[in-house]
Amino acid sequence: MLDDEVVFRVANATDPALEVLVALWSGAPDRAASLLKPLFDGDPTSLRLQTLAADVIRDRGDTSTAIKILEKLVDTHEYKPGEEVAVWHLGEALFVAGDYPHAAARFRRALDLRLATGADASSVNDSRMALNRALDLIPWPLTHTRTWGWGVAFLNEPVDGEIPEVDDESPVITSPLGLCIRVRNASDVNWQADGHGADEQGPALVTIYVDHPSRFARPQRAVVIDTMLETPSKSLRLDDAEGEILLPAPGVRTRVVVSHHDDEWNQPDEVWIDLYSAS
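Criteria and cut-off values
- Residues numbered from 1 in each chain as written.
- Predicted model: local features only at pLDDT ≥ 70, side-chain atom pairs only at ≥ 80, totals over all residues.
- Heavy atoms only, no water.
- Helix = DSSP H or I, 4+ residues; strand = E, 2+ residues; numbered from the N terminus.
- Buried < 20%, exposed > 50% of the residue type's maximum accessible area, 1.4 Å probe, protein only.
- Contact = heavy atoms within 4.5 Å.
- Areas by Shrake-Rupley, 256 points an atom, 1.4 Å probe, with all protein chains shown as cover.
- Lys, Arg positive; Asp, Glu negative; His and termini not counted.
- Charge placed at Lys NZ, Arg CZ, Asp CG, Glu CD.
- Expected span 1.5 Å × (residues − 1).
- Pairing = 2+ DSSP bridges.
- Axes fitted to C-alpha atoms, helices over the stretch in contact; angles between N-to-C directions.
- Parallel < 35°, antiparallel > 145°, perpendicular 65-115°, else oblique.
- Phe/Tyr/Trp six-rings, centres within 6.5 Å; stacked < 30°, edge-to-face > 60°.

Engineer: I keep staring at the overall build of the protein and nothing clicks. Help me out?
Structural biologist: Looking only at helices and strands, one finds 8 helices and 12 strands in the protein. For the protein, the spread of C-alpha atoms along the principal axes amounts to about 65 × 50 × 30 Å. Looking at the 279 residues of the protein, the share that counts as buried comes to 45%. The contacts of the protein with a sequence gap of at least 6 include a subset with a gap of at least 24, amounting to 59%. Of the roughly 14500 Å² of accessible surface on the protein, a fraction of 50% belongs to carbon and sulfur atoms. A gap of 4 Å separates the mean positions of the 25 positive and 46 negative side-chain charges of the protein.

Have a look at this one:
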């Protein structure tokens, strides 16, 4: 939404997509689509115009299609010029979809890229505000279900975090800034009801439950580790080689309690992570 359209127009007077932006941010995506079409037809490979086209699709109500388009653009531009643009727009689409953990991870990436490239203060501030807003809106407790292709989940500080060496014999490996949690590998066979009275084969799913209890209560399950992590950014990244989400940490030092049903089994399909302030 535009706070002051006059000021915005003056500041962006030479932008060929100015009218598209004004229409989008004024809540008129159909008008934005009409204005964008001749620009896009003239330069269909433009990353900026492709992201604006995804924004139009998003604001017309098809958020899932917009996310898919932007995910492809992020993959295409990863570690290349333009990644920050694609990542930022993907974060916005995920935010609109209510997927705040994934949105926060994208806003964090956009912020890091903007800081690394010396972006202007306004862009950096926008990234910080969007990141903090997404983190604030993450619901607790959080349930995160997905496949883990490597059979490990990394929980670490997103700015200076460390990824410990994987140890096949240990359910959790630690470092001062991160954890490596062994989980069931997606390559394992998982038989699931297909909804028609039969079973079908699929990749093994793992559910990770994350919570911010207000005070410490020892879990009724088997505790596999109770440790401290340094979290100066007041956030934690949960990921493997893909599918990163970002979670708020309760302080600059965080007590992390990881539990599951059997502390001798290092490939569980359910894991509980409780985060406590240790600041």
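Engineer: What is the right way to read helix H6 (residues 83-96) from this model?
Structural biologist: Three or four residues apart is the spacing at which side chains of an α-helix point the same way, because the helix has 3.6 residues per turn. Its 14 residues place the ends of H6 20 Å apart at the C-alpha level, agreeing with the 20 Å of an ideal helix rising 1.5 Å per residue. For H6, the full list of buried residues reads Glu83, Ala86, Val87, Trp88, His89, Leu90, Gly91, Ala93 and Leu94. Next to the buried residues of H6 lie helix H4 (47-59), helix H5 (63-77), helix H7 (100-116) and helix H8 (121-136). Residue Gly98 follows H6 closely and has a positive phi angle near 80 degrees.

Engineer: Hey, could you run me through the environment of Leu90 in this one?
Structural biologist: Positionally, Leu90 belongs in helix H6. Relative accessible area serves as the criterion here: at 0%, Leu90 is assigned to the buried category. As for Leu90 and Thr51, which are separated by 39 residues in sequence, their C-alpha atoms are 8.5 Å apart. Residues in contact with Leu90, not counting those within four places in the same chain, are Ile67, Leu70, Glu71, Val74 and Arg106.

Engineer: Sorry if this is basic, but what is going on with the sheet that holds strand E3 (residues 172-175) here?
Structural biologist: Backbone-to-backbone hydrogen bonds join strands into a sheet, with any given pair of strands oriented parallel or antiparallel. Pairing is antiparallel in the open sheet, where 5 strands are placed in the order E3-E4-E2-E9-E10. Two strands in the sheet have a free side with no partner beyond their single neighbour: E3 and strand E10 (245-248). Adjacent strand axes in the sheet meet at a mean angle of 15 degrees when their direction is disregarded. Two strands pair when backbone bridges link them, and strand E2 (residues 152-156) and strand E9 (residues 235-239) are joined in this way by 3 bridges, in the antiparallel orientation.

Engineer: What is the right way to look at the environment of Pro29 in this model?
Structural biologist: Note on placement: Pro29 falls in helix H3 (residues 29-42). Among residues more than four places away in sequence, those in contact with Pro29 are Ala23, Val56, Asp59 and Arg60.

Engineer: I'm lost on unusual backbone geometry in this one. Help?
Structural biologist: Both trends apply: most residues other than glycine have a negative phi, and most peptide bonds are in trans. For the bond from Trp140 to Pro141, the omega torsion is -5 degrees, close enough to zero to count as cis. Of note, Pro141 is situated in the loop between H8 and strand E1 (142-146). The phi torsion at Lys234 lies on the positive side, around 55 degrees, for a residue other than glycine. Here Lys234 lies in the loop between strand E8 (222-230) and E9. Classification of Lys234 as partly exposed rests on a relative accessible area of 48%.

Engineer: Which parts of the structure should I look at to understand the packing of H4 against H6?
Structural biologist: The relative placement of two packed helices is expressed as an angle between their axes plus a distance between the axes. At a minimum axis separation of 10 Å, H4 and H6 run at an interaxial angle of 5 degrees. Regarding the angle of H4 to H6, the classification is roughly parallel. Counting all contacts with H4, which are made through Leu47, Thr51, Leu52, Asp55 and Arg58, the residues of H6 involved are Val85, Ala86, His89, Glu92, Ala93 and Val96.

Engineer: Would you mind showing me how to read the packing of aromatic side chains here?
Structural biologist: With the rule as written, the count across this model stands at 5 aromatic pairs. Ring geometry for Trp88 versus Phe107: centroids 5.1 Å apart, planes at 50 degrees, classification tilted. Of this pair, Trp88 sits in helix H6 while Phe107 sits in helix H7, placing them 19 residues apart in sequence. On the basis of relative accessible area, Trp88 is assigned to the buried category, the value being 14%.

Everything listed here is a matter of coordinates, which is why it stays silent on function.
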